[in-house]
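Listed below are the residues making up each chain.
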Amino acid sequence: MIINSLAMVHINNYLDNLDKENLHAELVTWDREKLIDWLCWNDPHGIYTDEESMDELGNIMSKEEGITIIMRQIGESKVIAI
């Protein structure tokens, strides 16, 4: 993982406070590797890395798919928190 865990907590708090439009705008500025890093941090049992994805699913996650998954995961955490 490129970004350390403490930095991820700060990033997660920042993302969690964005509305859907601004969240999407932020995520499109991220490169695919950063999206994968966040997904692996947030869901350590998920299949996000290229190697795991190829082994388990036979393909790799696109940047667009990563953005969609992050938005869904953050949206779900907001529903749970309410």
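Rules of the game
Residues numbered from 1 in each chain as written. Predicted model: local features only at pLDDT ≥ 70, side-chain atom pairs only at ≥ 80, totals over all residues. Heavy atoms only, no water. Helix = DSSP H or I, 4+ residues; strand = E, 2+ residues; numbered from the N terminus. Buried < 20%, exposed > 50% of the residue type's maximum accessible area, 1.4 Å probe, protein only. Contact = heavy atoms within 4.5 Å. Salt bridge = Lys/Arg side-chain N within 4 Å of Asp/Glu carboxyl O. Polar contact = N/O pair within 3.5 Å; in protein donor to acceptor, adjacent residues only side chain to side chain. Core = buried A, V, L, I, M, F, W, Y, C linked by side-chain atoms within 4.5 Å. Phe/Tyr/Trp six-rings, centres within 6.5 Å; stacked < 30°, edge-to-face > 60°.

### Topic: the overall build of the protein chain
Phase 1 of the analysis: Per the secondary structure count, the protein chain includes 5 helices and 0 strands.
Phase 2 of the analysis: Order of helices (α) and strands (β) in the protein chain, N terminus to C terminus: α-α-α-α-α.
Phase 3 of the analysis: Burial analysis of the protein chain (82 residues in total) assigns 29% to the buried set.
Phase 4 of the analysis: The long-range share in the protein chain, meaning contacts at least 24 apart out of those at least 6 apart in sequence, stands at 61%.

### Brief notes about the side chain of Ser53
Phase 1 of the analysis: Assignment of secondary structure puts Ser53 in helix α4 (residues 50-57).
Phase 2 of the analysis: Residue classification places Ser53 among the buried residues on the basis of a relative accessible area of 1%.
Phase 3 of the analysis: With residues near it in sequence (within four places) discarded, Ser53 still touches Ile47, Tyr48, Gly58, Asn59, Ile60 and Met61.

### Describing the pattern of salt bridges
Phase 1 of the analysis: On inspection of all chains with the given rule, the structure shows 1 salt bridge.
Phase 2 of the analysis: With a shortest N-O distance of 2.3 Å, Arg32 and Asp50 are connected by a salt bridge. With Arg32 in helix α3 (residues 32-42) and Asp50 in helix α4, this pair connects stretches of sequence that are 18 residues apart.

### Focus on α3
Phase 1 of the analysis: All of the buried residues in α3 are Leu35, Ile36, Asp37, Trp38 and Leu39.
Phase 2 of the analysis: By the N-cap criterion, in which a side-chain oxygen at the helix start approaches the backbone nitrogen of a residue two or three places on, α3 is capped by Asp31, the distance to Glu33 being 3.2 Å.

### With respect to the nonpolar core
Phase 1 of the analysis: Among the nonpolar cores identified, the biggest contains 17 residues, and Leu15, Leu23, Leu27, Trp30, Trp38, Leu39 and Ile70 are the most heavily contacted of them.
Phase 2 of the analysis: Contributions of two or more residues to this core are made by α1 (5-16), α2 (20-27), α3 and α5 (63-81).
Phase 3 of the analysis: Broken down by element, the residue count for this core peaks at 5 residues, all from α5.
Phase 4 of the analysis: Apart from the residues lying within four places of it in its own chain, the contact partners of Leu39 are Tyr48, Met61, Gly66, Ile69, Ile70 and Gln73.

### Re the packing of aromatic side chains
Phase 1 of the analysis: Throughout the structure, instances matching the rule amount to 1 aromatic pair.
Phase 2 of the analysis: Relative to Trp41, the ring of Trp38 has its centre 6.3 Å away and its plane inclined at 55 degrees; by these criteria the two rings are tilted. One end of the pair, Trp38, and the other, Trp41, are both in helix α3, 3 residues apart, so they sit about a helical turn from each other.
Phase 3 of the analysis: Relative accessible area serves as the criterion here: at 0%, Trp38 is assigned to the buried category.
Phase 4 of the analysis: When its relative accessible area of 22% is taken as the criterion, Trp41 is described as partly exposed.

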